[in-house]
Amino acid sequence: MSGVDVNLVLRSTRVVTPEGTRPAAVAVAGGTIDAVLPYDADVPADARLEDFGDDVLLPGLVDTHVHVNDPGRTQWEGFWTATRAAAAGGITTLLDMPLNSLPPTTTVDHLRTKQQVAAPKAHVDTGFWGGAIPSNVKDLRPLYEAGVFGFKCFLSPSGVEEFPELDQEQLARSMAEIAGFGGLLIVHAEDPHHLADAPQRPGPAYADFLASRPRDAENTAIEGLIAHAKRLNARVHVLHLSSSDALPLIAAAKREGVRVTVESCPHFLTLTAEEVPDGATEFKCCPPIREAANQDILWAGLADGTIDCIVSDHSPCTTDLKTPDFASAWGGISSLQLGLPAIWTEARRRGHSLDDVARWMSAAPAELAGLSKKGAIEAGRDADFAVLAPEATFTVDPAELFHRNQVTAYAGKTLHGVVRSSWLRGVRISSDGVLAEPTGRLLERDR
């Protein structure tokens, strides 16, 4: 151990480390992991021991895709409710998306407004993405210097008028500006022309909604994004990949050295079009939940590394906006609290380990955002943990969820993996669904 006084030791027969899962004792000093020691290492006299038995000690999850909607649309969500749900679900760090709040995070002043609102309410560490819209190229560098982790844009309408999409010329201009200072552009990649040409049939039938968001819209947008990134040597990230058809394009670009990364989401990896009842718009999101055969190929993309990470795209709304008409209902899945058990349930069925889950949901998102103190149980990282009972099961009851509007596509599903507790810098912030007072910090990009 280092010379710093160790004040806490966490012990488990199953600790998930970058080198694999093993019995270990994790020594914590001043909110930082001091050392990962043998299971039976002596505990310093002044340190508190927490022994989790056979429950698994995971690195705290990092969710880089959360719509908190605060301020401005706090009836949809809010920092208090979103970060409580995150903590209850084993997430100890989240990054807030720049839209659905009023104002959107498209200027430094707007960022400061959002930070002031978040500071007293954050139960987990919280950072912010900036937004790239047609009118704010001049604001991108100042936002980056103010600490945002990168910039989100849409290539098709976002659904809110204050956050318009970029056309191809505007995309190239924003990407060039961001590449000029070494930033990251994260992209909602659906081509507006394919969407406009798709059949639009309002009503409760999920098949009609699925036809209105074809895979070609994603594939074409991703192909164009890769071409721009290759030409500009820009760093880009594809958000919420749903079309498995795009995986060969992405894999080829990575082999060529194009700086592209990709995420998918629990709903694309655990829910299927075949199971969505007509009128059940709690399943609506854009791009959409696709067929089971498509999902199998997404899992193969995770296994071979084409897909880098899994994040929630938690995009809540009030219950009344989930009308039975798929065309008019708000699109978004609320899953902050449920992402870990949902993914673990499917991952274990497909033969994956919790080491894989930790890589996809903690290490890789932390690396994407440049969060060098997050994402792993190793010396020098923040002492952020999730304690999981992986063999335990529970049935999802919307009334037990902490996000503001208790609408979920997972209602009634039985999932494996109960989050027993979450820890932020060595302090227990959630224990069997009981939340501590908020101690989350506002994060800025590592300089």
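Report on the accompanying structure. (Residues numbered from 1 in each chain as written. Predicted model: local features only at pLDDT ≥ 70, side-chain atom pairs only at ≥ 80, totals over all residues. Heavy atoms only, no water.)

**Considering the packing of aromatic side chains**
Two measures describe an aromatic ring pair: the distance that separates the ring centres and the angle between the ring planes.
Phase 1 of the analysis: Across all of its chains, the model carries 11 aromatic pairs by this definition.
Phase 2 of the analysis: Between Tyr144 and Phe151, the ring centres sit 6.2 Å apart and the planes meet at 35°, which makes this aromatic pair tilted.
Phase 3 of the analysis: Since its relative accessible area comes to 13%, Tyr144 is described here as buried.
Phase 4 of the analysis: An aromatic cluster is built from Tyr144, Phe151 and Phe181, whose rings are joined through pairwise contacts.
Phase 5 of the analysis: The cationic tip of Arg73 hangs over the ring face of Trp76; the distance from NZ or CZ to the ring centre is 5.3 Å.
Phase 6 of the analysis: The ring of Tyr144 is capped by Arg445, whose NZ or CZ atom sits 3.5 Å from the centre of that ring. (Phe/Tyr/Trp six-rings, centres within 6.5 Å; stacked < 30°, edge-to-face > 60°. Buried < 20%, exposed > 50% of the residue type's maximum accessible area, 1.4 Å probe, protein only. Lys NZ or Arg CZ within 6 Å of the ring centre and 35° of its normal.)

**So, helix α11 (residues 339–349)**
Phase 1 of the analysis: Counting buried positions along α11 gives 9 out of 11 residues, so the element sits mostly inside the fold.
Phase 2 of the analysis: Of all the residues in α11, the buried ones are Gly339, Leu340, Pro341, Ala342, Ile343, Trp344, Thr345, Glu346 and Ala347.
Phase 3 of the analysis: Positive backbone phi, at 90°, marks Gly351, one or two positions downstream of α11. (Helix = DSSP H or I, 4+ residues; strand = E, 2+ residues; numbered from the N terminus.)

**As for the side chain of Thr126**
Phase 1 of the analysis: One can find Thr126 in strand β8 (residues 125–128).
Phase 2 of the analysis: For Thr126, a relative accessible area of 0% puts it in the buried group.
Phase 3 of the analysis: Here Val124 takes part through its backbone oxygen, which lies 3.0 Å from a polar atom of the side chain of Thr126.
Phase 4 of the analysis: In contact with Thr126, other than residues within four places in its own chain, are Phe79, Thr83, Leu94, Arg441, Leu442 and Leu443. (Polar contact = N/O pair within 3.5 Å; in protein donor to acceptor, adjacent residues only side chain to side chain. Contact = heavy atoms within 4.5 Å.)

**Focus: the nonpolar core**
Phase 1 of the analysis: Core analysis: the biggest nonpolar cluster contains 96 residues, and Leu58, Phe151, Leu185 and Leu241 have the highest contact counts within it.
Phase 2 of the analysis: In terms of residue count, the dominant contributor to this core is helix α1 (residues 79–88) (6 residues).
Phase 3 of the analysis: In contact with Leu185, other than residues within four places in its own chain, are Ala132, Phe151, Cys153, Leu171, Met175, Ile178, Arg235, Val236 and His237.
Phase 4 of the analysis: Counting residues in hydrophobic clusters, the runner-up holds 14 residues, among them Leu10, Val26, Ala383 and Val387. (Core = buried A, V, L, I, M, F, W, Y, C linked by side-chain atoms within 4.5 Å.)

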